Amino acid sequence: MKKRAILLVVSLLLAIACLTGCAKEDNPKPTESTGASLKIMFVVTGNLGGGTNNDDVNKALNDYVTKAGGSVDTYECNMDTSVYETTLKQAAESGNYDLIVTGFGTMAEPVQNTAALYADQKFLIFDTSIDYTDGKNPNIISVQVNQNHGAFMAGVLAALLTKSGVEGTNDANAIGFVGAMESVAVVDCLIGYIEGAKYVDETIDVQYAFVGNHNDSALTKEMALTQNQAGADVIYGVSQSDLAVADAALEKNFYAICSDADDAKTIEATSKDTANHIVTSVIKDYYNMVYPILEKIGNGEAEFGKHISISYADGGVKLARNEYFDAILPEEVKAKFEEIEKKIINGEIEVDSAYNATAEKIQEIKASASGK
C-alpha cells in the first residue's frame, strides 16, 4: 500500500500526459481558441487507450491546451474505486491545477467530497449530475447528455425490429436489456429503453438484468443468452462489456444494440459476422460534452455551481446509422423510427429520467417492463 501511495503522488505531481487518445474521426478539430491557458489534471476512472470514452475526453483536453496553452496531466485509476477520492484530494492539495477533470457517476460523491474541502479548486465532471441545491458545490461544473432520450430511441428501434419479421427475430413479443450495475446512470438508460419500447407497443415484454460491474464479459453474455432463450431477439447492452451481448447475438442469431461508441464499425475489422448482428449503438459525444466547456472556462464565461445538459436535438446523443443499420432494418421500420425521432427532437415526447425521479417512480417504470 505504501508503494502504491508513493507512485500515486509521483504520478499526480510529475506525469505530464503526452497522449492524444484514439478519438473518433468525426470529432471536430477546433481551429482557434481565445481562452486562457489551463493546467489540467485528468483523473481517469479507468484507463486510456483503445478508443474509449476517456480517450475522447483526453483528446478534447489536449486539443484545448494545444490551441490555448497549458498542460494536461493524467492519472489512471483502472476502475479501482478505492483510490478515486484520494487521487482527487492529492491533486487538489497540490495546488498545481486550474482545473481537475473526471467523469461518470461513480466519481460524483468523491468529487463533491473533495470540492467541499478545497473551495478554491475548480472541478469539471462529465457524464453525470451533481447536487447544487441550496448553493452546494459552487466550484464544480457537471455536464451530461440526455442519454435517456438515446435509450428511448433504442427501445423504439428494438420494439419495431422485434415485430418486423426480419431473419433473426422470432414470434415472441420480447426484447432485452443487460446493464452493468444498477447505478443511476444505467437505470436512466433502462427507463428510457422501457418507455421507448412501450411507446411502440404497450404489450411488449422488456426483460432486464444487471451484471454488477462493467468488466464481466462472461456474465454479460450469459445474461443475454438467458434473455434470448426467454424470447428476446433484440438486446441492449449498457456497459463496457456490451460487445459480449453482440457475441451472444452472433452465437444465437439475434440482434444487439450497443452503447457509447459505434461498436459495429469498431468490431468489423476483426469480426464482420459480429458487426452484422449489431443493429445500432447509442453514442454519447464525449468530445463535444467537454470541449465547449473548456472554452467557456478559459474565456471566463463558465458558471460553476451549475449543471449543463446537452439534448438529443443538439447531438449530445445519437443512434449509429451505418451500413449495418441500413441492411438489417426494412424501410418501413426506418420510416417509423424517423417519425418518432422527430417527435423526440421537437420535444413532443417526454422521457422520464432516473436523475430526477423518485424511487417510487423508478419502481413503477420497472414494473411496467413486463408484457401485458
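Brief notes about the nonpolar core
- Formed by 76 residues in total, the largest nonpolar core has its most connected members in Phe 126 and Tyr 236.
- Counting residues per element, this core draws most heavily on helix H5 (residues 147–162), at 10 residues.
- In this structure Phe 126 touches Phe 42, Asn 54, Val 57, Val 101, Thr 102, Gly 103, Phe 104, Val 143, Tyr 286, Met 289 and Val 290, once residues within four positions along its chain are discounted.

Here's the deal with the layout of surface pockets
- Roughly 940 Å³ of volume is contained in the largest pocket.
- Looking at the largest pocket, it is lined by 42 residues, and the ones nearest its centre are Asn 53, His 214, Ser 239, Gln 240 and Asp 260.
- Residue assignment for the lining of the largest pocket shows that the elements contributing at least two residues are helix H2 (53–68), helix H6 (184–200), strand E8 (234–238), strand E9 (255–260), helix H9 (263–267) and strand E10 (278–284).
- The leading source of residues in the lining of the largest pocket is H6, at 4 residues.
- Among the residues forming the lining of the largest pocket, the class breakdown is 16 nonpolar, 20 polar and 6 charged.

A few points about the pattern of salt bridges
- Per the counting criterion, the structure on display carries 18 salt bridges.
- Salt-bridge contacts for Lys 361 lead to Glu 364; the nearest nitrogen and oxygen are separated by 3.7 Å. Residue Lys 361 and its partner Glu 364 are located together in helix H14 (residues 359–367), separated by 3 residues, close to a single helical turn.
- For Glu 364, a relative accessible area of 49% puts it in the partly exposed group.
- Ionic contacts of the salt-bridge type, sharing partners, join the residues Lys 265, Glu 268, Lys 272 and Glu 323 into one network.

What to know about the side chain of Thr 280
- With respect to the helices and strands, the residue Thr 280 is situated in strand E10.
- A polar contact of 2.8 Å, which involves the side chain of Thr 280, links it to the backbone oxygen of Ala 320.
- If we ignore the near neighbours within four places in the chain, the residues touching Thr 280 are Leu 157, Ala 256, Ile 257, Cys 258, Leu 319, Ala 320 and Phe 325.

Details of the sheet that holds strand E2 (residues 70–76)
- Taken in spatial order, the 6 strands line up as E2-E1-E3-E4-E5-E11 in an open sheet, and their pairing is parallel. Both outer strands of the open sheet, E2 and strand E11 (306–310), are each paired with one neighbouring strand and no more. Averaged over all neighbouring strand pairs, the angle between strand axes comes to 20 degrees, with direction disregarded.
- Bridge count for strand E1 (residues 38–44) against E2 is 7 bridges, and the pairing is parallel. Bridge assignment links Lys 39 to a residue of E2, and that residue is Ser 71.
- Against the sheet, helix H4 (residues 108–117) contacts strand E3 (99–103), strand E4 (122–126) and strand E5 (140–145), and its axis sits at roughly 170 degrees relative to E4.

Considerations on H5
- For H5, which comprises 16 residues, the first-to-last C-alpha distance of 22 Å matches the rise-based estimate of 22 Å (1.5 Å per residue) to within 8%.
- For H5, a buried count of 16 out of 16 residues is recorded, marking the element as mostly surrounded by other parts of the structure.

What to know about the confidence of the model for the protein
- Scored by pLDDT, the protein comes out at a mean of 90, with 91% of its residues at no less than 70.
- Within the model, pLDDT remains below 50 along residues 28–33, and this stretch shows 13 contacts once partners closer than five positions in the same chain are excluded.

Here's the deal with the packing of aromatic side chains
- Under the counting rule described, the total for this entry stands at 13 aromatic pairs.
- Relative to Phe 210, the ring of Phe 177 has its centre 6.4 Å away and its plane inclined at 70 degrees; by these criteria the two rings are edge-to-face. With Phe 177 in strand E6 (residues 174–179) and Phe 210 in strand E7 (residues 205–210), this pair connects stretches of sequence that are 33 residues apart. Considered together, Phe 177 and Phe 210 belong to a single accessibility category, that of buried residues.
- Of the aromatic side chains, those joined through ring pairs into one cluster are Phe 177, Tyr 193, Tyr 208, Phe 210 and Tyr 236.
- Looking at Lys 122, its charged tip hangs above the ring of Phe 304, at a distance of 4.8 Å from the centre.

Considerations on the pairing of E1
- Summarising burial for E1: 6 of the 7 residues are buried, a large majority.
- In the classification by handedness, the crossover that spans E1, the intervening H2 and the parallel E2 is right-handed.
- With 3 bridges connecting them, E1 and E3 associate as parallel partners. Across the sheet, Phe 42 pairs through a bridge with Val 101, a residue of E3.

Quick look at unusual backbone geometry
- Within the chain, Asn 253 stands out as a residue other than glycine whose phi angle is a positive 60 degrees.
- Phi is positive for Asp 260, close to 75 degrees, though the residue is something other than glycine.
- As for its position among the elements, Asp 260 is in strand E9.

Conventions used here
- Residues numbered from 1 in each chain as written.
- Predicted model: local features only at pLDDT ≥ 70, side-chain atom pairs only at ≥ 80, totals over all residues.
- Heavy atoms only, no water.
- Core = buried A, V, L, I, M, F, W, Y, C linked by side-chain atoms within 4.5 Å.
- Buried < 20%, exposed > 50% of the residue type's maximum accessible area, 1.4 Å probe, protein only.
- Helix = DSSP H or I, 4+ residues; strand = E, 2+ residues; numbered from the N terminus.
- Contact = heavy atoms within 4.5 Å.
- 1 Å grid on protein atoms, 1.4 Å probe; cavity = no way out; pocket = protein on both sides within 12 Å on 5 of 7 lines; lining within 4 Å.
- Points joined across faces, edges and corners; volume = space filled by probe spheres on them.
- Nonpolar A, V, L, I, M, F, W, Y, C, P; charged D, E, K, R; others polar.
- Salt bridge = Lys/Arg side-chain N within 4 Å of Asp/Glu carboxyl O.
- Polar contact = N/O pair within 3.5 Å; in protein donor to acceptor, adjacent residues only side chain to side chain.
- Pairing = 2+ DSSP bridges.
- Axes fitted to C-alpha atoms, helices over the stretch in contact; angles between N-to-C directions.
- Expected span 1.5 Å × (residues − 1).
- pLDDT = per-residue confidence, 0-100.
- Phe/Tyr/Trp six-rings, centres within 6.5 Å; stacked < 30°, edge-to-face > 60°.
- Lys NZ or Arg CZ within 6 Å of the ring centre and 35° of its normal.
- Right-handed = clockwise from strand over helix to strand, strands pointing away.

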